[in-house]
Amino acid sequence: MAGTTERGRDLQPGRAAATLSSVLPLVIGIAAAYVLHTYVKPRLDPFYAKVLLDIGINVILAVSLSLVNGFTGQFSIGHAGFMAVGGYTAATITYYGSHRLWGNAQFHGGFLSWTQANDLFEGTWLGGGDLLFPLACLAGGLVAAGMGYVVGLPSLRLRGDYLAIVTLGFGEIVRVIIQRTDDVLYDAEEIQQAGLWTCVTHVGGALGFTGLPFYTSLFWTWLFVAITLIVAYRLKESTHGRAFLSIREDEIAAEAMGIVTTSYKVRAFVLSAFFAGVAGSLFAHQVGTTLNPRELGFQKSFDIVIMVVLGGMGSISGSVLAAVVLTVLPEVLRTFSEYRMIVYALLLILMMILRPQGLLGLRELWDAWASRRRPKATGAG
Amino acid sequence: MPLLEISGLDVYYGAIHALRSIDLAVEERQIVTLIGGNGAGKSTTLRTVSGLLRPTRGSIKLDGKSIVGLPPHEIVRRGVAHAPEGRGIFANLTVDENLEIGAYSRRDDRAAIDRDRERSLELFPRLRERLRQNAGTLSGGEQQMLAIARALVARPRLLLLDEPSLGLAPQVVKTIFHIIREINQAGTTILLVEQNAHMALHVAHRGYVLEVGRIVKSDDARNLASSDDVRKAYLGGV
């Protein structure tokens, strides 16, 4: 990534250095997720560990939505729909897959997927579930990405409010379809006989998909957070990222620059939906949550939109910051008990009045810091 | 063979017949200007050349090859850069990022792009001082400079400039036209759309006068500037 910040005297990195700089963040991400899971979690109250988990999932959601709403300037309010598609895909795979593989839908993971207190863990360090779960997450992401393509297509002809309505409608359609599905199959023998279509249509309906194994550990959550952040950041600093941003800024001018705006808009939707699907998969396999269509309705979509708007359109660090603040805030406000949501809403209104451009505006945290360090490097005259 | 040759071009905006059978040629290394009043169809012509609009009839040839019906990105790749009306700069991105996007369609190596970027910055030293500033914070003149510089980074063979003098102080207009001539002398062919007929005819080799979608006159820029009806209609002369 040399050269994107210090243009002019371009340092062309060697191949080794380039490989290192692209692999290193991922290694750091894996290490951080591991440390969080192994060393931080045992020292935390389970409640805070749960908040940490929610923060992770919300960060993925906010950053992924920011690709569409922030980078590309489209207005999507159906993010929870993609989340639901991904979550239900992954849940179907882990639940029915576990039954097929092991004859039951118990936990079959190892230490990294362990969601209870670490010292209660017994068994092998790695289990079959450690493979099944991330694969299910990826599958959830891919199916959601496919839906992103379908929803992205109308965005070629619609903009602003009209696009918002389409995405809203999409989210609702997903929710209603899920509500109409049949009860989850519990009988092991019946499941062995069931075909793919039977499995897909028996995901619990309005009652929710119960009986899922819990795999969403801090490790997996924060690993996917790291991947999301790396992808988003590298994208933003790339030619493709600038193409997204230019569409937000001035679509006609972007087209005149030779950017194929239609294809970029669809790409934004696909990529954004992929990560929403992954987040949905993580959401589905949490301890103590039932995957339920009501949870993934448009209220959830709005929560995510609020994070992106509050963080600043197109700012990755802003979305992260907002996701953290908006996850922690309702917990902190628990002391206000029934007035909690009123206080929460008031705080949002206040923030929008005081900082309409969002916490960080369009820029990144480190940009603000860098420009403070060399205030007049450009010698404005 | 002219670099750009337009013949019998008809363009509609819905039911409005915006261009009526336009014929126009731009020779290599020339500046050709298209002058005329509001709504004459000047910008429409440029937008059609760069592929943002589709003509109903007629041909547009770049280097003898038809570019009618090609999408804008294909046309950019063939060497046509468009600095759109109202500048179309990306206000919330830095000057530097704007220039980067200008090079979007180029597939050659980094060093070549950097050379052209340097060249543009040499033409517009003001921009170099403001590389890290958001483009929206620039003055009108600087934004116009950025729009031209951004188009130049694409290393066009044909540069389409849409009203570069719009809303600028006379002194700034002078600077911009001076630079337009410099760009042309360095080898870039320019099709310039202007309401400021005086300045445009001053730098151009050839001129076309457009009135409600029709070309009513075309000649050497010098002859146009001295012709009576052009003086009367566009140059405020008597």
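Residues numbered from 1 in each chain as written. Chains lettered and ligands numbered in written order. Predicted model: local features only at pLDDT ≥ 70, side-chain atom pairs only at ≥ 80, totals over all residues.

### Quick look at the nonpolar core
Formed by 178 residues in total, the largest nonpolar core has its most connected members in Ile60, Ala62 and Ala279 of chain A together with Leu160 and Leu191 of chain B. With residues near it in sequence (within four places) discarded, Ala279 of chain A still touches Ile57, Ile60, Leu61 and Met83 of chain A. (Core = buried A, V, L, I, M, F, W, Y, C linked by C-beta atoms within 7 Å. Buried ≥ 20, exposed ≤ 12 C-beta atoms within 10 Å, placed from the backbone. Contact = placed C-beta atoms within 7 Å.)

### Considerations on the sheet that holds strand S4 (residues 57-62) of chain B
Residues and elements named next belong to chain B. With antiparallel pairing, four strands are arranged side by side in an open sheet as S2-S1-S4-S5. Where the open sheet ends on each side, the last strands, each with one partner, are strand S2 (16-26) and strand S5 (65-66). Here strand S1 (residues 4-13) pairs with S4 via five bridges, running antiparallel. Its bridge partner lying in S4, Ser7 is registered against Ser59. (Pairing = 2+ DSSP bridges. Helix = DSSP H or I, 4+ residues; strand = E, 2+ residues; numbered from the N terminus.)

### Brief notes about the confidence of the model for chain A
Looking at chain A, the pLDDT average stands at 87 and 93% of residues meet or exceed 70. In the model, residues 374-381 of chain A has pLDDT below 50 throughout and makes nine contacts with residues more than four positions away in sequence or in other chains. (pLDDT = per-residue confidence, 0-100.)

### Digging into the sheet that holds strand S6 (residues 80-83) of chain B
All names here are of chain B. Read across the sheet, six strands follow the order S6-S7-S8-S3-S9-S10 without closing on themselves; strand pairing throughout is mixed. Strand pairing shows two members of the sheet lacking a second neighbour, S6 and strand S10 (214-220), which therefore form its edges. Between one strand axis and the next, the sheet turns by 15° as a mean value, whatever way the strands run. In the packing of helix H6 (residues 140-153) onto the sheet, the strands contacted are S6 and strand S7 (158-162), and the crossing angle to S6 comes to about 170°. (Axes fitted to C-alpha atoms, helices over the stretch in contact; angles between N-to-C directions.)

### Some points on the confidence of the model for chain B
Mean pLDDT for chain B: 91, with 99% of residues reaching 70 or above. Both scores are available for the predicted complex, with the pTM at 0.88 and the ipTM at 0.86.

### Observations regarding the packing of helix H3 (residues 79-102) of chain A against helix H11 (residues 261-284) of chain A
Each pair of packed helices can be summarised by the angle the axes make with each other and by the distance between the axes. Residue and element names in this part refer to chain A. Viewed as axis vectors pointing N to C, H3 and H11 meet at an angle of 55°, and their least axial separation amounts to 6 Å. When the interaxial angle is binned, H3 and H11 end up oblique. Where H3 crosses over H11, the handedness of that crossing is right-handed. Counted together, His79, Phe82, Met83, Ala84, Val85, Gly86, Gly87, Ala90 and Ala91 of H3 and Ala273, Ala276, Gly277, Val278, Ala279, Gly280, Ser281, Phe283 and Ala284 of H11 form the full contact between these two elements. Across the contact of H3 with H11, the residue classes tally to twelve nonpolar, six polar and no charged. (Parallel < 35°, antiparallel > 145°, perpendicular 65-115°, else oblique. Left-handed = near helix turned anticlockwise from the far one by under 90°. Nonpolar A, V, L, I, M, F, W, Y, C, P; charged D, E, K, R; others polar.)

### As for helix H7 (residues 170-185) of chain B
Because an α-helix completes one turn every 3.6 residues, residues spaced three or four positions apart along the sequence face the same direction. Residue and element names in this part refer to chain B. In this model, H7 (16 residues) spans 23 Å end to end at C-alpha, consistent with the 22 Å of a helix rising 1.5 Å per residue. Of all the positions in H7, only Val173, Ile176, Phe177, Ile180 and Ile183 are classed as buried. Down the axis of H7, the smallest arc covering the buried residues is 115°, so these residues share one side. Projecting away from the buried face of H7 at angles above 90 degrees are the exposed residues Gln171, His178, Glu182 and Gln185. Buried residues belonging to H7 abut helix H4 (110-123), H6, S7, strand S8 (189-194) and helix H8 (197-203). Note on H7: the residue one or two positions beyond its end, Gly187, has a positive phi of about 115°. (Expected span 1.5 Å × (residues − 1). Arc of directions from axis to C-beta.)

### Considering the interface of chain B and chain A
With 27 residues of chain B at the interface, the matching set in chain A holds 22 residues. If you list the elements that add at least two residues to the side of chain B that touches chain A, you get helix H2 (72-77), helix H3 (95-102) and H4 of chain B. If you tally residues by element for the side of chain B that touches chain A, the top one is H3 of chain B, at five residues. Taken together, the residues that form the side of chain B that touches chain A break down as ten nonpolar, eight polar and nine charged.

### With respect to unusual backbone geometry
Residues and elements named next belong to chain B. With phi around 70°, Arg29 is a residue other than glycine that occupies positive phi space. Among the structural elements, Arg29 can be located in the loop between S2 and strand S3 (31-35). Assessed through the 15 C-beta atoms surrounding it within 10 Å, Arg29 is described here as partly exposed. In this model, Glu163 sits at a positive phi of 50°, which is unusual for a non-glycine residue. By the secondary structure assignment, Glu163 is in the loop between S7 and H7.

### Some words on the pairing of S6 of chain B
Residues and elements named next belong to chain B. Burial along S6 is two-sided: Val80 and His82 facing one way and Ala81 and Ala83 facing the other are all buried. Sheet topology places S6 next to S7; four bridges connect them, and they run parallel. Considered in S7, the bridge of Ala81 is made with Leu159.

### Quick notes on helix H12 (residues 298-311) of chain A
All names here are of chain A. With 14 residues, H12 should reach 20 Å at 1.5 Å per residue; the first-to-last C-alpha distance of 20 Å fits that figure. Buried residues of H12: Lys300, Ser301, Ile304, Val305, Met307, Val308, Val309, Leu310 and Gly311, and no others. Against helix H2 (46-71), H3, helix H5 (161-179), helix H13 (316-332) and helix H14 (340-354) lie the buried residues of H12. In the segment just after H12, Gly312 is the residue with positive phi, at about 115°.

### Considering the packing of H2 of chain A against H13 of chain A
All names here are of chain A. Between H2 and H13, whose axes approach to 8 Å, the crossing angle comes to 140°. In terms of their interaxial angle, H2 and H13 are classed as oblique. In this structure, H2 crosses over H13, and the sense of that crossing is right-handed. Residue-level contacts link Val51, Asp54, Ile55, Asn58, Val59, Ala62, Val63, Ser66 and Gly70 of H2 to Ile316, Ser319, Val320, Ala322, Ala323, Val324, Thr327, Val328 and Glu331 of H13. Residue composition of the contact of H2 with H13, by class: eleven nonpolar, five polar and two charged.

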